[in-house]
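# Observations on chain architecture
The chain contents come next:
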Amino acid sequence: SGSASASTIKQVKLERESELRIEVGSETPLKLRLLNGSAEIFGSELAPEIWLTFPSRLKFAVFTWYGATIEMDGTTETDYMADETPMVSYVNVHAVLEGRRNRAKTSSPNDSEASQGPRVIVVGPTDSGKSTLSRMLLSWAAKQGWKPTFVDLDIGQGSITVPGSIAATPIEMPIDPVEGIPLEMPLVYYYGHTTPSNNVDLYKALVNELAQMLETQFAHNAESRAAGMVINTMGWIESTGYELLLHAIDIFKANVVLVLGQEKLFSMLKAVAKSKPNVDVVKLQKSGGVVSRNAKFRQKARAYRIREYFYGLANDLSPHSNIANFSDLLVYRIGGGPQAPRSALPIGADPVANPLRVTPVNIDQDLLHTVLAVSYAKEADQILSSNVAGFIYITDIDIQRKKITYLAPSAGDLPSKYLIMGTLTWLET
Ligand code: ATP
């Protein structure tokens, strides 16, 4: 195993319950197809003989329950077979969730408790495979015809939309192994930073908003209530990170907590759940295939993710460059605004800024290369509680002419002039 790069067509025969782990090379994409047997990528089945093209650097595994032959064309960083995987334990979890969904579906919709399907939250340290497990559980459920809701609380990477956001979206089909989560109408809240420590209160407030909004939607939709949710979380599990996990478990009323690859976290959550009889805490093994990513890699991945938002995975989208007057746009930031100088405060008062205060931002060069969210707010005081329509990227600030040039996913007016600024920037490459 651990073969070095190979750049010709090659066939790989996989035995039952084994997987082919692949890291696509950094220069060119990799083509791959299923020649015979059956196989899936993170819960999504491969159609026979159809070539799929995986972008450079992607890391994934082709798993087979009963055996398969795979054909690859292109360069890999690594590709190797593994027959020790935690897949059986993962699919057993899926089976238990299926049972709960079926029970919820056959319950009276008036019984809000019994008609609620599983609310699963996946927790664990960084690089324990949380996103991947979430994805498998969603795809397996979608394959059986359910429409579970995916909630992504991980602001660091962002599998639904750009980093710095928390978001939710219904999953109606197994997740495409190349394209990932479909971008149709997700419910998105913009936090604006890639680590929660920038403004923990804001992060919590947005998680509350998202949870409340989903609660309202679920109340009117028995189908999504029965299908339940799968919630992906951040890898920050110490101190404040741990408190944020407890907060998410509570606020989303999670009833299944899946703990990946950490005994200590498992026992801590297990102890907490003692006082919550309807919360099951389950320990699961981390897959040996999960690839660790360092800070630099994550930084790069964030940049690709922003690029993908505007240009598409295969450069298949055409974002639009627009010009606006300074006066057409109202840019706000939340918290972290300029603090009152100590001299302006009563003696003894601490100059703590209100972390949830919404303050207008002067348009100047500081906005260059920032990613701003377009809020659905109709007034400034609604910004904190509003979800966002999408994002723009500031490409030029002309102070003299008071003009701002920005990239948007499409042409035409923005759905609102209320924009949210954080610390998220991007250098288009
Ligand atoms: P984070 O720290 O960002 O929260 P995570 O715990 O969600 O990370 P994943 O994103 O699921 O971890 O996995 C990390 C990387 O490993 C991803 O690129 C994923 O595609 C890859 N990966 C996961 N499982 C496998 C596997 N069995 N074989 C090959 N690659 C895998």
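So, here is what we can say about the structure in this document. A quick note: this is a predicted structure, and the numbers were derived from the prediction, not measured.

## Focus: the site of the ligand
Taken together, the neighbourhood of the ligand is formed by 22 residues, with E19, K59, S131, T132 and R293 sitting nearest. One nitrogen or oxygen atom from the main chain of D127 is found 2.8 Å from an oxygen atom belonging to the ligand. One of the side-chain N or O atoms of R293 is found 2.7 Å from an oxygen atom in the ligand. Alone, the ligand offers 630 Å² of accessible surface; in the complex the protein occludes 92% of this. Of all the secondary structure elements, the ones that give two or more residues to the shell around the ligand are β2 (18-24), β7 (59-64) and α2 (130-143).

## Description of the pairing of strand β10 (residues 119-123)
Most of β10 sits inside the fold, with five of its five residues counted as buried. By the alternation rule, side chains of β10 split into R119, I121 and V123 and V120 and V122, which are all buried. The pairing of β10 with strand β14 (residues 229-232) spans four bridges and is classified as parallel. Within β14, the position partnered with R119 by the bridge is M229.

## Let's talk about the environment of Y80
Following the sequence through the fold, Y80 ends up in strand β9 (residues 76-82). Relative accessible area serves as the criterion here: at 25%, Y80 is assigned to the partly exposed category. On a C-alpha basis, the gap between Y80 and T423 in space is 39 Å, while along the polypeptide they are 343 residues apart.

## Examining the nonpolar core
Core analysis: the biggest nonpolar cluster contains 104 residues, and V62, L153, L210, F252 and F391 have the highest contact counts within it. Ranked by residue count, the leading element in this core is helix α3 (residues 200-219), at eight residues. Excluding residues within four positions of it along the chain, V62 makes contact with L14, S18, E19, L20, I22, L32, A39, E40, I41, L46 and I70. Judged by nonpolar contacts, the second largest core, of 18 residues, contains V331, L367, I404 and M421.

## Some words on the packing of helix α1 (residues 87-106) against α2
Two measures define how a pair of helices packs: the angle their axes make with one another and the distance between the axes. Between α1 and α2, the shortest axis-to-axis distance is 10 Å and the interhelical angle comes to 50°. When the axis of α1 is compared with that of α2, the two are oblique. In this structure, α1 crosses over α2, and the sense of that crossing is right-handed. Contact residues: M87, Y90, V91, V93, H94, L97, E98 and R101 in α1; L133, M136, L137, W140 and A141 in α2. Classifying every residue of the contact of α1 with α2 gives 10 nonpolar, one polar and two charged.

Definitions and limits used
- Residue numbers here run from 1 along each chain, matching the order of that chain's written sequence.
- Totals for whole chains, interfaces and linings use all residues, but because this is a predicted model, local features are given only for residues with pLDDT of at least 70 and pairs of side-chain atoms are given and counted only at 80 or more.
- As a convention, hydrogens and water are excluded, and side-chain values are obtained from all of the structure's heavy atoms.
- Here a residue is considered near a molecule or strand provided that any single heavy atom belonging to it is located within 4 Å of it.
- We call two N or O atoms a polar contact when they sit within 3.5 Å, provided that within protein one can donate a hydrogen and the other can accept it, with sequence-adjacent residues counted only if both atoms are side-chain atoms.
- Exposure was quantified through the Shrake-Rupley algorithm and a 1.4 Å probe, taking into account, for residues, occlusion by the shown protein chains and nothing else.
- Only DSSP runs of H or I reaching four residues or more are called helices, and only runs of E reaching two or more are called strands; each is numbered from the N terminus.
- Using a 1.4 Å probe on the protein chains alone, a residue whose accessible area is under 20% of its type maximum counts as buried, one over 50% counts as exposed, and one in between counts as partly exposed.
- Strands are treated as partners if at least two bridges between them are detected by DSSP.
- Buried residues of nine kinds, namely Ala, Val, Leu, Ile, Met, Phe, Trp, Tyr and Cys, make up a nonpolar core once their side-chain atoms join them within 4.5 Å.
- Here, two residues are considered to be in contact whenever any of their heavy atoms come within 4.5 Å of each other.
- Note on definitions: angles span 0 to 180 degrees between N-to-C directions of axes, and those axes are lines fitted to C-alpha atoms, for helices only across the stretch in contact.
- Oblique is the label for every angle not falling under 35 degrees (roughly parallel), over 145 degrees (roughly antiparallel), or within 65 to 115 degrees (roughly perpendicular).
- Left-handed describes a crossing whose near helix is turned anticlockwise from the far helix through less than a right angle; right-handed describes the clockwise counterpart.
- Classification used: nonpolar for Ala, Val, Leu, Ile, Met, Phe, Trp, Tyr, Cys and Pro, charged for Asp, Glu, Lys and Arg, polar for all others including Gly.

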